[in-house]
Amino acid sequence: MKDLEIRQRDCRALREGYSRAVRNFEIASIGGYALVMAWLLSKIAPGIAENPFLALAAFMVGLIAADFGSGFVHWMADTWGTPEWPIIGKALIRPFREHHVDQKEITRHDFIETNGNNCFISTPSAAIAALLPDGTVWFFLAAMTFAMCLAIFGTNQFHKWAHMDTPPRYARVLQRASLILPPDHHAVHHTAPYAKYYCITVGWLNEGLFRLRFFQTLEKIIAHFTGLIPREDDIGKRAALVVAEQPPPPLPDLPKMVLTSIELPLDLPEVAGRSMAEPD
Ligand SMILES: [Zn+2]
Ligand SMILES: [Zn+2]
């Protein structure tokens, strides 16, 4: 892997791709997100008060779904397409390319640039959740979606903190507790060829998805049907071809199940001999 000829895009050209139009789009996305999330919260608030434990379970599932979603979108943007694509190329793919070339750039992004993209991605789900009918199952789904969209909103902020030399104190406490993306964990993704550990909300799913060969399998299927080379635009064709031919990651050593023998007490056969129907 050390000899890979990684060929990345020009950092300055990528930065210039952040235009006024993209910024306006991000401002509109943040505004739309705030409105829709307030609407969704007003819909689920009575249910939270009525059934707080169900709400808590829904929030937890939402957090895990956000971690998966962050990994999935990150993988898509890292692996396929180019910044030249209309709309998605400039708004979504370009920042991911830029992030691999200059990982500190994210720490210089202001609130709008950090959060605009994720607001755009999560607003439609939040709007659909707000329109769900009443009922326990629908409430669970709506509360889960609320937590998921909130965690997606936090994702770029958590990611930014993971790259900062001196993040705020409270962020460091959360990083140490693995409640938000820890920096050393995320550093695994930033090792060339940037082909694993895509989840950037909390990172809980990274090792599992890697061992399950989840993204690697998806890449093989997509490459087979489209003829595209995964991450060709990100690291150059030669390196991308080498990475695509890498053997799959080793499966984890599953702990062997040890069944200890049970010594039956001497008087147990008497008890075991009785039929269930017999009363004492
Ligand atoms: Zn990446
Ligand atoms: Zn990063």
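On a predicted model such as this, the values are computed, not experimentally measured, just so you know.

## Considerations on helix H2 (residues 20-50)
(1) Moving on: The end-to-end C-alpha distance of H2 is 46 Å, a good match for the 45 Å that 31 residues give at a rise of 1.5 Å each.
(2) Moving on: Where H2 bends most, at Ile44, the angle is about 40°, and the proline Pro46 comes one to four residues later.
(3) Moving on: Considering only its buried residues, H2 is in contact with helix H4 (88-101), helix H5 (111-130) and helix H6 (136-163).

## Brief notes about the coordination of the zinc ion (ligand 1)
(1) Moving on: The protein atoms donating to the zinc ion (ligand 1) are His74 (NE2), Asp78 (OD), His100 (NE2) and His189 (NE2), with metal-donor distances spanning 2.1 Å.
(2) Moving on: Considering all four donor atoms around the zinc ion (ligand 1), the spread of angles at the metal, 88 to 167°, places the coordination shape in the irregular class.
(3) Moving on: Binding-site remark: the zinc ion (ligand 1) is held by donors from one chain whose sequence spacing is H-x3-D-x21-H-x88-H. Taken together, the residues span a long stretch of sequence, with His74 in helix H3 (residues 52-79) and His189 in the loop between helix H8 (183-187) and helix H9 (206-211) at a distance of 115 residues. There is no split in this pair, since His74 and His189 are both buried.

## A word on a nonpolar patch on the surface
(1) Moving on: Judged by side-chain polarity, Met60, Ile64, Tyr170, Leu174, Leu179 and Trp204 come together as a nonpolar surface patch covering roughly 550 Å² of accessible area.
(2) Moving on: Broken down by secondary-structure element, the contributors of at least two residues to the nonpolar patch are H3 and helix H7 (169-176).
(3) Moving on: Along the polypeptide, Tyr170 turns up in helix H7.
(4) Moving on: Look at Tyr170 and you get exposed, because its relative accessible area is 53%.

## Points about the packing of aromatic side chains
(1) Moving on: Across all of its chains, the model carries 13 aromatic pairs by this definition.
(2) Moving on: Plain terms: the ring middles of Phe68 and Phe214 are 5.6 Å apart, the flat faces sit at 70° to each other, and that makes the pair edge-to-face. Note that Phe68 is positioned in helix H3 and Phe214 in helix H10 (residues 214-226), a separation of 146 residues in sequence.
(3) Moving on: Overall, Phe214 belongs to the partly exposed group, its relative accessible area being 28%.
(4) Moving on: Geometrically, the ring pair formed by Phe72 and Trp75 is tilted, given 5.5 Å between the ring centres and 55° between the ring planes. Of this pair, Phe72 and Trp75 are both found in helix H3, three residues apart, which corresponds to roughly one turn of the helix.
(5) Moving on: Among the residues examined, Phe72 registers a relative accessible area of 28% and is labelled partly exposed.
(6) Moving on: Look at Trp75 and you get buried, because its relative accessible area is 1%.
(7) Moving on: An aromatic cluster of three or more residues is present, and its members are Phe68, Phe72, Trp75, Trp80, Tyr198, Phe214 and Phe215.
(8) Moving on: The cationic tip of Lys196 hangs over the ring face of Phe210; the distance from NZ or CZ to the ring centre is 4.5 Å.

## A closer look at the side chain of His185
(1) Moving on: For His185, the position within the fold is in helix H8.
(2) Moving on: A polar contact is formed between the side chain of His185 and the side chain of Asn206, at a distance of 2.9 Å.

## Some points on the coordination of the zinc ion (ligand 2)
(1) Moving on: Ligation of the zinc ion (ligand 2) by protein atoms is provided by His99 (NE2), His159 (NE2), His163 (NE2), His186 (NE2) and His190 (NE2), these donors lying 2.0 to 2.1 Å from the ion.
(2) Moving on: Residue His163 is classed as buried on the basis of its relative accessible area, which comes to 5%.
(3) Moving on: For His190, a relative accessible area of 11% translates into the label buried.

Reading the values: rules and limits
- Residues numbered from 1 in each chain as written.
- Chains lettered and ligands numbered in written order.
- Predicted model: local features only at pLDDT ≥ 70, side-chain atom pairs only at ≥ 80, totals over all residues.
- Heavy atoms only, no water.
- Helix = DSSP H or I, 4+ residues; strand = E, 2+ residues; numbered from the N terminus.
- Expected span 1.5 Å × (residues − 1).
- Bend = angle between axes of the 7 residues up to and from the residue.
- Contact = heavy atoms within 4.5 Å.
- Donors = N, O, S within 2.8 Å, 3.2 Å for Na, K, Ca; no water.
- Tetrahedral: all angles 85-135°; square planar, octahedral: opposite > 155°, others 65-115°.
- Buried < 20%, exposed > 50% of the residue type's maximum accessible area, 1.4 Å probe, protein only.
- Patch = residues over 30% accessible without salt bridge, like charges linked within 9 Å, V, L, I, M, F, W, Y side chains within 5 Å.
- Areas by Shrake-Rupley, 256 points an atom, 1.4 Å probe, with all protein chains shown as cover.
- Salt bridge = Lys/Arg side-chain N within 4 Å of Asp/Glu carboxyl O.
- Phe/Tyr/Trp six-rings, centres within 6.5 Å; stacked < 30°, edge-to-face > 60°.
- Lys NZ or Arg CZ within 6 Å of the ring centre and 35° of its normal.
- Polar contact = N/O pair within 3.5 Å; in protein donor to acceptor, adjacent residues only side chain to side chain.

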